[in-house]
Amino acid sequence: MAHLLVIESWVGSMSRLLPRAIRECGHEFTFLTRDLHHYLRSAPEGTAHPLLGAHNVVTAETNDIEALLPQVERLHSVLGFDGVLTSCDYYLSTVARIAGHLGLPGSGPVSVENACRKDATRRVLAEAGVPGPGFAVHEEWTDIASGARELGYPLVVKPVDLCAGMYVRRVDDEAQLMAAVRHMADFPVNARGQQRTPAVLLEELLDGPEVSVETVSQAGTVHVVGVTDKSVSGAPAFIETGHMFPAALTADEAEAAEQTASAALKALGLVDGVVAHTEIKLTAGGPRVVEVNPRPAGNRITELVRHVTGIDLAAAFVEVSLGHEPDLRHKDTGLRSAAIGFLVPETAGTLEALDGGELQAAQDVLELHLTEPGKQVKAAGSNNEYLGHVMAGDPEGLGARGRVETLLGELRSGLVIR
């Protein structure tokens, strides 16, 4: 039995999948957080959050790495950690620093920090010749406006240090750019109380569908698990509305996406102790890297992979964080594809009705999760405002996406927001 240190977490699906994977792999963990109530609030009424089922729960200021290092060192001397990990983007760099400090498995801090900063990722990949969009990074408005004119409209504007599509916008002219930059500046501290950098990333708007490549890196080798597709709506925002695994691509398209993702991971140095989710645009000129995320995919993509291949990416994340070889053998699950669709609110108000009816009992439905009526909702501007999801599988081929779209249509017909 190994003992893992888990530092913070998202409060979504991975916050439940990760404790389960640790337990099913035969290990235990200590959970370290700066705000225990953040997790208590996210648990359904009358239940305990799975992260609080840790062998130890310790409170510490996880946003101050210099103060945290000696605290973790003292804990390590008593508890003897074998690995350290997190599912939350805002603490991936912290985990890498701690792993390096304690001599535990994992990629180097610089590699992880470069992957977590969108501007640093762009620079590293450009220097390595890994294809991506044209880009510019600036902090002052005059430089931002000048950089946008040089790139040419339309373009995409992004914060360099947020996730879940927050404040990522398409802009078609300087007035829209100014509004997007001002909106971003009104959010100077992220959801975990960390001060944000004022840098703004401008990117060429890429054409073509977007996919993600799910990989596991261990002992210098990048193992490709598969390619997931993505649907996006909510312009000028980029809200993920659904995914299917595997993506409906030709063999050549899939191979090109996989090779591009592997090249990006190798350029960043993410070749040891990493489960990654690399987003790729399949443009007319070939694959282009959108983002590299050095952690398992969100939005239940890991569960799509598990339903189709039998590969548990949460378990693989646990094992590579311990320096172990993960089990990446494909198994016959009876499904050829699995897809998920998200219910995205288009208006603000109070959720008065959302009825799944008989969908839960449908033979091909793998998951159905819906928000309870009474919740105050707002029109979605990122991936943080979903009202629920439905997941379905197809044992015959790549029909899961179509089935999910049909099910979402049934859910929308019963959706009432006033």
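Quick caveat: nothing in here was measured; it's all calculated off a predicted structure.

Some thoughts on the sheet that holds strand S5 (residues 135-138)
Backbone hydrogen bonds hold the strands of a sheet together, and the pairing may be parallel or antiparallel.
(1) Moving on: If you trace the four strands from one edge of the open sheet to the other, you get S5-S8-S6-S7, paired in antiparallel fashion. For this open sheet the edge positions go to S5 and strand S7 (169-171), each flanked by a neighbour on one side alone. Direction aside, neighbouring strands of the sheet carry axes that sit 25° apart on average.
(2) Moving on: As paired strands, strand S6 (residues 155-159) and strand S8 (residues 200-204) are joined by five bridges and run antiparallel to one another. Looking at S8, one finds that Leu-155 is bridged to Glu-204.
(3) Moving on: Sheet strands touched by helix H8 (residues 174-185): S6, S7 and S8. Its angle to S6, the strand with the most contacts, is close to 10°.

Focus: the UniProt feature "domain: ATP-grasp" (unreviewed entry) in the chain
(1) Moving on: In the numbering adopted here, UniProt assigns the feature "domain: ATP-grasp" (unreviewed entry) to residues 122-322.
(2) Moving on: Its end C-alpha atoms 29 Å apart, residues 122-322 is made of 33% helix and 32% strand.

Details of the pairing of strand S14 (residues 337-342)
(1) Moving on: Where burial is concerned, most of S14 is hidden: six out of the six residues are buried.
(2) Moving on: Going residue by residue along S14, you find Ser-337, Ala-339 and Gly-341 tucked away on one face and Ala-338, Ile-340 and Phe-342 tucked away on the opposite face as well.

Here we look at the packing of helix H3 (residues 65-79) against helix H4 (residues 92-102)
(1) Moving on: Where H3 meets H4, the axes come as close as 10 Å, and the angle between the chain directions of the two elements is 50°. Our classification of the angle between H3 and H4 gives oblique. Here the hand of the crossing between H3 and H4 comes out right-handed. On H4, the residues touching Ile-65, Glu-66, Leu-68, Leu-69, Val-72, Glu-73 and His-76 of H3 are Thr-94, Arg-97, Ile-98, His-101 and Leu-102.
(2) Moving on: Class assignment of the residues belonging to the contact of H3 with H4 gives a composition of six nonpolar, three polar and three charged.

Structural notes on the environment of Val-222
(1) Moving on: The topology assignment puts Val-222 in strand S10 (residues 221-233).
(2) Moving on: The buried category is assigned to Val-222, whose relative accessible area is 14%.
(3) Moving on: With residues near it in sequence (within four places) discarded, Val-222 still touches Thr-215, Val-216, Ser-217, Ser-262, Leu-265, Lys-266, Leu-270 and Val-271.

Considerations on the packing of aromatic side chains
In this description, an aromatic ring pair is defined by two values, namely the gap between the centres and the angle between the planes.
(1) Moving on: Tallied over the entire structure, the rule returns four aromatic pairs.
(2) Moving on: Relative to Tyr-90, the ring of Trp-10 lies with its centre 5.6 Å away and its plane at 65°, an arrangement referred to as edge-to-face. Taken together, the residues Trp-10 in the loop between strand S1 (3-7) and helix H1 (14-24) and Tyr-90 in the loop between strand S4 (83-85) and H4 connect sequence positions 80 residues apart.
(3) Moving on: Under the relative-accessibility criterion, Trp-10 is labelled partly exposed at 27%.
(4) Moving on: Overall, the relative accessible area of 11% leaves Tyr-90 in the buried class.

Quick look at the sheet that holds S4
(1) Moving on: Here four strands make up an open sheet; going across it, the order is S3-S2-S1-S4 and the pairing parallel. Of all strands in the sheet, those with a lone pairing partner are strand S3 (56-59) and S4, marking the two edges. Neighbour to neighbour, the strand axes of the sheet diverge by 20° on average, direction disregarded.
(2) Moving on: For strand S2 (residues 28-33) and S3, the ladder comprises four bridges, and the chain directions are parallel. The residue bridging Thr-33 from the neighbouring strand is Thr-59, located in S3.
(3) Moving on: Packing of H3 onto the sheet brings it into contact with S1, S2 and S3, and relative to S2 it is tilted by some 155°.
(4) Moving on: Sitting on the sheet, H4 is in contact with S1 and S4, with an inclination near 170° to S4.

Re H1
Owing to its 3.6 residues per turn, the α-helix aligns residues three or four sequence positions apart on the same side.
(1) Moving on: Where burial is concerned, most of H1 is hidden: eight out of the 11 residues are buried.
(2) Moving on: Those residues of H1 not exposed but buried are Met-14, Ser-15, Leu-17, Leu-18, Pro-19, Arg-20, Ala-21 and Ile-22.
(3) Moving on: Packing partners of the buried residues in H1 comprise S1, S2, S4, helix H10 (301-309) and helix H11 (313-321).
(4) Moving on: Downstream of H1 by a residue or two, Gly-26 has a phi angle that is positive, lying close to 85°.

Describing the side chain of His-49
(1) Moving on: The topology assignment puts His-49 in the loop between helix H2 (36-40) and S3.
(2) Moving on: The buried category is assigned to His-49, whose relative accessible area is 3%.
(3) Moving on: At 3.2 Å, the side chain of His-49 forms a polar contact with the side chain of Ser-15.
(4) Moving on: Among residues more than four places away in sequence, those in contact with His-49 are Val-11, Ser-15, Arg-16, Tyr-39, Ser-42 and Ala-43.

Quick notes on the rules
- Residues numbered from 1 in each chain as written.
- Predicted model: local features only at pLDDT ≥ 70, side-chain atom pairs only at ≥ 80, totals over all residues.
- Heavy atoms only, no water.
- Pairing = 2+ DSSP bridges.
- Helix = DSSP H or I, 4+ residues; strand = E, 2+ residues; numbered from the N terminus.
- Axes fitted to C-alpha atoms, helices over the stretch in contact; angles between N-to-C directions.
- Contact = heavy atoms within 4.5 Å.
- UniProt positions renumbered as here; feature names shortened; annotations may be inferred.
- Buried < 20%, exposed > 50% of the residue type's maximum accessible area, 1.4 Å probe, protein only.
- Parallel < 35°, antiparallel > 145°, perpendicular 65-115°, else oblique.
- Left-handed = near helix turned anticlockwise from the far one by under 90°.
- Nonpolar A, V, L, I, M, F, W, Y, C, P; charged D, E, K, R; others polar.
- Phe/Tyr/Trp six-rings, centres within 6.5 Å; stacked < 30°, edge-to-face > 60°.
- Polar contact = N/O pair within 3.5 Å; in protein donor to acceptor, adjacent residues only side chain to side chain.

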